[in-house]
Amino acid sequence: QLQLVESGGGLVQPGGSLRLSCAASGFTLDYYAIGWFRQAPGKEREGVSCITNDGRTHYAGSVKGRFTISRDYAKNTVYLQMNSLKPEDTAVYYCASQFLGTISTMGDRSLYDYWGQGTQVTVSS
């Protein structure tokens, strides 16, 4: 009943942009931090960005300056705007929620309560 659903993935050329959405249903995100993760074939799942319920944000060094995370409380949705995409960004992107999460705890995948199904992002010419 409680779930997160990602959308917005697709095929894009290097240098292009995509906006991913993470919509929550069955619960409100008002008390949750949201993290974006990605996993490429043969690689470990890595943290990309996260945002707390009061708007604090964090970005992985590989995406800082290119990606922007934001949230819309009215729509119960978190977004990840991805610009200047590189082939290295190709992966399945997941969003996840952490109850009362803080910047110091959001890097631990085991602390997340719910995970979305993932959306594929492919950056290729």
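This section reports on the structure supplied with the text. On a predicted model such as this, the values are computed, not experimentally measured, just so you know.

1. Things to note about the overall build of the chain
Then comes step 1: Tallying secondary structure elements over the chain gives zero helices and eleven strands in all.
Then comes step 2: Beginning at the N terminus, the succession of helices and strands in the chain can be written as β-β-β-β-β-β-β-β-β-β-β.
Then comes step 3: The C-alpha radius of gyration computed for the chain amounts to 13 Å, which stays within 12% of the reference 14 Å derived for 125 residues, consistent with globular compactness.
Then comes step 4: Here the C-alpha coordinates of the chain stretch approximately 40 × 25 × 25 Å along the principal axes.
Then comes step 5: Out of the 125 residues in the chain, the part that is buried amounts to 42%.
Then comes step 6: Within the chain, residue pairs in contact and separated by at least 24 positions form 60% of the contacts whose partners lie at least 6 positions apart.
Then comes step 7: Here the chain contributes 11 positive and 10 negative side-chain charges, whose respective centroids are spaced 5 Å apart.

2. Describing the nonpolar core
Then comes step 1: The biggest cluster of nonpolar side chains holds 28 residues, and the ones touching the most others in it are Leu29, Trp36, Phe67, Val78, Leu80, Met82 and Tyr93.
Then comes step 2: Those elements giving two or more residues to this core turn out to be β3 (18-25), β4 (32-39), β5 (46-51), β7 (67-72), β8 (77-82), β9 (91-99) and β11 (119-123).
Then comes step 3: Looking at this core element by element, the count peaks at four residues for β3.
Then comes step 4: Non-local contacts of Leu80, meaning those with residues more than four positions away in its chain, are made with Leu18, Arg19, Leu20, Trp36, Val48, Ser49, Phe67, Thr68, Ile69 and Tyr93.
Then comes step 5: Counting six residues, the second largest nonpolar core, distinct from the first, contains Ala33, Phe37, Cys50 and Met106.

What counts and how
Sequence order sets the numbering: in each chain, residues are counted from 1 along the sequence as written. In keeping with the model being predicted, local features are shown solely for residues with a pLDDT of at least 70 and side-chain atom pairs are shown and tallied solely at 80 or more, while totals for entire chains, interfaces and linings include all residues. Side-chain measures here rest on the full set of heavy atoms in the structure, leaving out hydrogens and waters. Helix and strand assignments follow DSSP, with helices taken as H or I runs no shorter than four residues and strands as E runs no shorter than two, numbered in order from the N terminus. Every radius of gyration here is taken over C-alpha atoms, with the globule rule written as 2.2 Å times N^0.38, N being the number of residues. Burial classes follow relative accessibility: with a 1.4 Å probe on protein chains only, a residue under 20% of its type's maximum area counts as buried, one over 50% as exposed, and anything between as partly exposed. In what follows, a contact means two residues having at least one pair of non-hydrogen atoms within 4.5 Å. By the counting scheme adopted, Arg and Lys are positive, Glu and Asp are negative, and His together with the chain ends is not counted. Here the site of a charge means NZ on Lys, CZ on Arg, CG on Asp, or CD on Glu. We define a nonpolar core as any set of buried Ala, Val, Leu, Ile, Met, Phe, Trp, Tyr and Cys residues linked to one another through side-chain atoms lying within 4.5 Å.

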